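Structural description and commentary
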Amino acid sequence: MIQIEKLSKSFKTPRGIKKVFSDFSLTVKDGSFLGIAGESGTGKSTLLSIITGLQKPDSGKVCVNGTELLSLNDDEMCTFRNENIGFVSQEQSFLENLSVLDNVTLPALLSKTGKTKKSEVIGRAKKLLSDFGIESLAEMGPSALSGGENRRLLIARALINDPQIIVADEPTDAVSKKQAEEIIGIFKALSKRGKTVILVTHDENALKKCSSVFYLDK
């Protein structure tokens, strides 16, 4: 379960302090397929960054799977995120000097507590690439992939450590309608397997596939 209580977050801007959240609370139950929607500037991406520990709130409580994120130091947070949360970001955050396969295996190989052999990690990565229909691209560089293939690669990398929670920021942005439907189908299938999926999107078709939708207001 993800439990957010009395969250406050603000940023300094040239025009002064911008308050994004004030006394904000949200509970996400295990196995949910939650869509988060709202106008630009309502804090959708900021909320995902806080849930994944990439940003810290000014105040409040953020508890993920029984762990209070604000109690963790930077190293502990990196370890927790790597092993418990799969993050599909908006940016194509790949290492261009690594192959598609190596980009997928990297989070598992960097895991501090994982004891899985490299051969097993590679096998798991190849299966993910096969499941998403991009196994033939395993030895290519990420720059050779199309927009839809890049999204699938991001999802595969997010799943390599078999996290219970998957969060995705605009995963259907800049892809075709068919590719968007396929990507949302992947998330829906993960939810049916018991994973908790949180999806930030402006895509109305994607929101219709979510089991619930939370709208952020300015």
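Residues numbered from 1 in each chain as written. Predicted model: local features only at pLDDT ≥ 70, side-chain atom pairs only at ≥ 80, totals over all residues. Heavy atoms only, no water.

Section: the confidence of the model for the protein chain
Applied cut-off: One number per residue, pLDDT, summarises how confident the predictor is, and it ranges from 0 to 100. In DSSP terms, a helix is any run of H or I states spanning at least four residues, a strand is any run of E spanning at least two, and both are numbered starting from the N terminus.
Per-residue confidence for the protein chain gives a mean pLDDT of 92; residues scoring 70 or more make up 97%. Looking over the protein chain, one finds the lowest element-wise mean pLDDT in helix α5 (residues 147–159), namely 91, and the highest in strand β8 (residues 196–200), namely 97.

Concerning α5
Stated precisely, the cut-off is as follows: Given the number of residues in a helix, its expected span is that number minus one, multiplied by 1.5 Å. The classification of residues rests on relative accessible area computed with a 1.4 Å probe and restricted to protein chains. Under 20% of the type maximum is buried, over 50% is exposed, and intermediate values are partly exposed.
Here α5 is 13 residues long and its end C-alpha atoms lie 19 Å apart, about the 18 Å a rise of 1.5 Å per residue gives. Within α5, 11 of the 13 residues are buried, which leaves it mostly tucked inside the rest of the structure.

What to know about the pattern of salt bridges
Counted only if it meets this: By salt bridge we mean one thing: a side-chain nitrogen of Lys or Arg within 4 Å of a carboxyl oxygen of Asp or Glu.
The final tally for this structure, using the stated rule, is 3 salt bridges. Note that K127 is salt-bridged to D131, the shortest N-O span being 3.1 Å. Taken together, the residues span about one helical turn, with K127 and D131 both in helix α4 (residues 118–131) at a distance of 4 residues.

A few points about unusual backbone geometry
If you check the backbone angles, K6 has positive phi at about 50 degrees while not being a glycine. The phi angle at D162 is positive, at roughly 50 degrees, despite the residue not being glycine. Examined against the element boundaries, D162 turns out to sit in the loop between α5 and β7 (165–169).

Thoughts on the side chain of N161
We count it as follows: By the criterion applied in these results, polar contacts are pairs of N or O atoms within 3.5 Å in which, for protein atoms, one can donate a hydrogen and the other can accept it, and in which residues neighboring in sequence qualify only through two side-chain atoms. Any two residues whose heavy atoms approach within 4.5 Å are treated as being in contact.
Residue position: N161 is located in the loop between α5 and β7. A polar contact of 2.9 Å, which involves the side chain of N161, links it to the backbone oxygen of N82. Not counting residues within four places of it along the chain, the set of residues in contact with N161 comprises N82, E83, P107, A108 and R124.

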